[in-house]
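One-letter residues, chain by chain:
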Amino acid sequence: MSAQEQLPAAARVVIVGGGVIGASVAYHLARAGWADVLLLEQNQLAAGTSWHAAGLVGRLRTTTSMTKINKYSAELYAGLEAETGHPIGWKQVGSLIVGKSEQRMTQLRRTAAMAAIMGVEAHVIGPREAYDRWPLIRYDDLLGAVWLPNDGKLIPKELAVALAKGAQLRGAAVREGVRVADILHENGRAVGVRTADGATVRAEYVVLCGGMWSRQLALRCGVSLPLYAVEHHYVVSNPIDGAFDELPVGRDPDLCIYFRGEGGAVMLGAFQARSKPWVADVPDDFAFQLIGDDWEKFAEPLAGGQWRIPALNTSGFARFVNGPESFTPDNNFLMGETPELRNLFVAAGFNSVGIASAGGAGRYLAEWLIDGHMPIDLWSVDIRRFGGYANTTAYLRERSAEVLGLHYQMAWPNREFETARNLRLSPLHDRLAAQGACFGVKAGWERPNWFARPGQRPEAEYSFGRQNWFDNHAAEHRAAREAVAVFDQSGFAKLLLQGPDALAALQRMCGNNLDVPLGRAVYTAMLNERGGFESDLTVIRVGAAEFQIITGTAQATHDADWIRRGLRPGERAELVDVTDATAVIGVMGPRSRELLRRVSDADFSNAAFPFGTSRLVAIGMATARAVRITYVGELGWELHVPAAQAAPVYDALMAAGRELGVTNAGHYAINSLRLEKGYRAWGAELSPDDTPLEAGLGFALAWEKPGGFAGREALARQRAAGLGRMLATFVLDDPAPVLWGAEPIERDGATVGYTSSGSYAHTLGAAIGMGYVASPSGVSAEWLRTGRYAIVIAGERYAARVFLRPPYDPERARILA
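We now turn to the structure provided with this report. (Residues numbered from 1 in each chain as written. Predicted model: local features only at pLDDT ≥ 70, side-chain atom pairs only at ≥ 80, totals over all residues. Heavy atoms only, no water.)

**Description of the packing of aromatic side chains**
Note the threshold: Aromatic rings from Phe, Tyr and Trp, taking only the six-membered ring of Trp, are treated as a pair when their centres fall within 6.5 Å; an angle between ring planes under 30 degrees marks them as stacked, one over 60 as edge-to-face, and anything in between as tilted. For every residue, the accessible area obtained with a 1.4 Å probe (protein chains only) is divided by the maximum for its type, and the residue is called buried under 20%, exposed over 50%, and partly exposed between those limits.
Tallied over the full model, the rule gives 27 aromatic pairs. With 4.8 Å between their ring centres and 55 degrees between their planes, Trp 278 and Phe 286 make a pair best called tilted. Judged by relative accessible area, which is 16%, Trp 278 ranks as buried. Ring plane angle 80 degrees and centroid distance 6.4 Å describe the contact between Trp 295 and Phe 298, whose orientation is recorded as edge-to-face. Among the aromatic residues, those joined into a cluster by ring pairs are Trp 295, Phe 298, Phe 317 and Phe 320.

**With respect to the packing of helix H2 (residues 64-84) against helix H5 (residues 156-169)**
Heads up, the rule is: Lines fitted to the C-alpha atoms define the axes, with helices restricted to the stretch that makes contact. Angles between their N-to-C directions range from 0 to 180 degrees. Strands here are runs of E lasting at least two residues and helices are runs of H or I lasting at least four, both read from the DSSP assignment and numbered beginning at the N terminus. Roughly parallel means an angle under 35 degrees; roughly antiparallel means over 145; roughly perpendicular covers 65 to 115; every other angle is labelled oblique. What makes a crossing left-handed is the near helix being turned counterclockwise from the far one by less than a right angle; a clockwise turn instead makes it right-handed. In this analysis, two residues are considered to be in contact whenever any of their non-hydrogen atoms come within 4.5 Å of each other. Here the term charged refers only to Asp, Glu, Lys and Arg, the term nonpolar to Ala, Val, Leu, Ile, Met, Phe, Trp, Tyr, Cys and Pro, and the term polar to all other amino acids, Gly among them.
Two elements in contact, H2 and H5, have axes whose closest approach is 10 Å; the angle formed by their N-to-C orientations is 55 degrees. The angle between H2 and H5 falls in the class oblique. Once H2 is placed against H5, the crossing between them reads as left-handed. Contacts from Leu 76, Tyr 77, Leu 80, Glu 83 and Thr 84 in H2 reach Leu 159, Ala 162, Leu 163, Lys 165, Gly 166 and Leu 169 in H5. Considered class by class, the residues forming the contact of H2 with H5 number seven nonpolar, two polar and two charged.

**As for the sheet that holds strand E14 (residues 257-262)**
Going by this rule: Note: two strands are recorded as paired if DSSP finds a minimum of 2 bridges between them.
Across the sheet, eight strands lie side by side as E5-E6-E4-E13-E14-E15-E12-E16; this open sheet has mixed pairing. The sheet is open, and its two edges are formed by strand E5 (123-125) and strand E16 (317-327), each paired on a single side. Averaged over neighbouring strand pairs, the angle between their axes works out to 20 degrees when direction is ignored. By the bridge criterion, five bridges tie strand E4 (residues 95-99) to strand E6 (residues 144-148) in an arrangement that is antiparallel. Each bridged residue has a counterpart across the sheet, and for Val 98 the counterpart in E6 is Ala 145. The strands touched by helix H7 (residues 299-308) within the sheet are E4, strand E13 (249-252), E14, strand E15 (265-270) and E16, with E14 carrying the most contacts at an inclination of about 60 degrees. Against the sheet, helix H10 (residues 393-403) makes contact with strand E12 (228-237) and E16, and its axis sits at roughly 30 degrees relative to E12, the strand it touches most.

**Side note on the sheet that holds strand E22 (residues 493-498)**
One open sheet accounts for five strands, arranged E23-E24-E25-E22-E26; its pairing is antiparallel. Either end of the sheet is taken by a strand with one partner, and the two such strands are strand E23 (521-527) and strand E26 (574-577). Direction aside, the axes of adjacent strands within the sheet are offset by 30 degrees on average.

**As for the nonpolar core**
Among soluble globular proteins, nonpolar side chains are generally buried collectively. As a reminder of what qualifies: Grouping buried Ala, Val, Leu, Ile, Met, Phe, Trp, Tyr and Cys residues that are joined through side-chain atoms within 4.5 Å yields what is termed a nonpolar core.
Counting 86 residues, the largest nonpolar core has Val 14, Leu 208, Leu 344 and Phe 730 as the members making the most contacts within it. Apart from the residues within four sequence positions on either side, Val 14 is in contact with Leu 38, Leu 40, Val 193, Val 201, Ala 203, Tyr 205, Val 206 and Val 207. By size, the runner-up hydrophobic cluster in this structure holds 58 residues, among which are Val 25, Leu 29, Val 37 and Val 57.

**Re the packing of H2 against helix H9 (residues 354-371)**
Between H2 and H9, whose axes approach to 7 Å, the crossing angle comes to 100 degrees. Taken together, the axis directions place H2 and H9 in an arrangement best described as roughly perpendicular. Residues Lys 68, Ile 69, Asn 70, Tyr 72, Ser 73, Leu 76 and Tyr 77 of H2 pack against Ile 355, Ala 356, Ser 357, Ala 358, Gly 359, Gly 360, Ala 361, Arg 363 and Tyr 364 of H9. Partitioning the contact of H2 with H9 into residue classes produces nine nonpolar, five polar and two charged.

Printed below as a string of structure tokens:
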């Protein structure tokens, strides 16, 4: 591993960074037969963050894909010493999460229910059993706990060394003491690295696994990697009677602490609600170093630890570990091929889960690189979920202080970030704030979730049941169903593709037929070759060779990258992001036509302006592109307005609509309205692992269009073979509960899936959710209809009706069975 060995002039893959992540990528590439792999570490293996990690390995995460990553990691680590001959201290000690509040126990019951679906063994146990498993804790204030017997721990530094050794045994080269100063690139593609000594290594692929150094290295080649180093603390006690190394990993999220055995002592760590950001430019020689003791910052978790483990009051402490770790703006790591440079892959910003995730992350990134596509649904960690807005030092420094604490904060289903806010504002923001908007944030955009009444504070009070905005949401929902509601949807991502080959390119990338008359709006999917969704969007043909693409708020970078990758060499088409230039005002409800007629002389009749049509219209003195389309299941139009004219258009609508009952409405209402109508959402019902046939969106596939479309062959095979899963909608019989998503679905007493989305359907008078239902023997519409269903909410079963068609149909004005 010595730097004294001469570097090769070229390698197939150069990996930058020798922590557990880089070592895992090298290991998995070499295991797949890619022997020409070079791992470069500027100091020594594991010298940055890996060496001082707490070594906790939990299997359960919040999504199926992230749980797959951690489960694989644990399975790999269990056999790594036997494979490589290098001990990593793996011990399957199990883990215990305790709860001392009713809300925390609700969360833990929800967690345990989802664990079973994800194949992770978990048991809800009582306080005394929790004490039996961790005999040094006090338990008189506990209400219960969750026990996960297959979790474990290891020695982090040795994990990195073992993975690197495993890579070398299969032919990979590892060099320590080699600092990469620059990533070389030509014509938009990474082609190698330059070291601090001036040596160059050419490569087909570069993989950046530099941990907290990754951002500053990426910036030098024009790549945005939003992560920031944050201080993270733990202490190790002096020896304590009754402590031993095989004690389970303990977590008390209400006190923001974790604890485990460390030989004959106890390790006590913390995820405080607010942490301390470190520095933006991490020193190159920061190796096997710590920041320094900070007992003042650690005072609150220390008091919590001494309450939970009374022996810590008198034990004294042998070590204080305060080490930096990199965190991202949303507490999910960064993974995948960067949109700025082809063949530059990244795995960084692991938010204190790097040890637990390293094995699986390394595996799936290696598969992504080798196969040329995302191997499973990794949208939650895809680097393309962020735009450039998220990579300023000020933004990252403020947000990172909040993110570390999210590990142990209550996992409220609609929790909003509190820091780094008011960065991307709609032209209507101030007007909506003055009218009581309670804003949420998505992709940096401030979006109204709901509107407070006069005298009511526009602040959400979180719970797992009905929250303080329930009645506000009901009024907004009903306004869209019964009169007319106005929605600020300016955060929609908006792209413009133009050029002589724009149509041909979109026809190839999209499932639906886009060779339509000018002014026509088409709902379509962009699909991968496996038939899975890469995005769902609306495309408006605004010219013979010009298409306006409307996609989700968080999908701008991803979708632009997907389209640019889909353009063939020599094709004449240019893509431009025009999101900030245009506001979108939704006018939705049975009286929307009446309202628009009051502010425009355009003909909004059904004959003149049918569904799926767009045209330029005057709204007062302004001009807008009106698109007759809906995501709420009612008559309505989206008005795409130049940002500078959005305010007068909004004012005209609100003034003209007073006697029609016009109401401001937020995104919570959009969610419940779309669920009643059976409309799907990206990131919930739609992902790279889901197909249009499974999602019930086969109607949006133009099977016979000339030239076909990406994924057609895979979908044809699936159609012929039959489906193993189908998306359905569920409405509870009991009107009291609320669904949020991530609740198990039972059919005839057996678990067959979980809800992907949830809300309260005020038109139907009960909670509503969507979710995929699966069976090893296959599913059909008839099979779905004949079952008896229940949704499990925090351990309680609630009978539900299943729907394959929308539960609400405004055209028939009745509920469909």
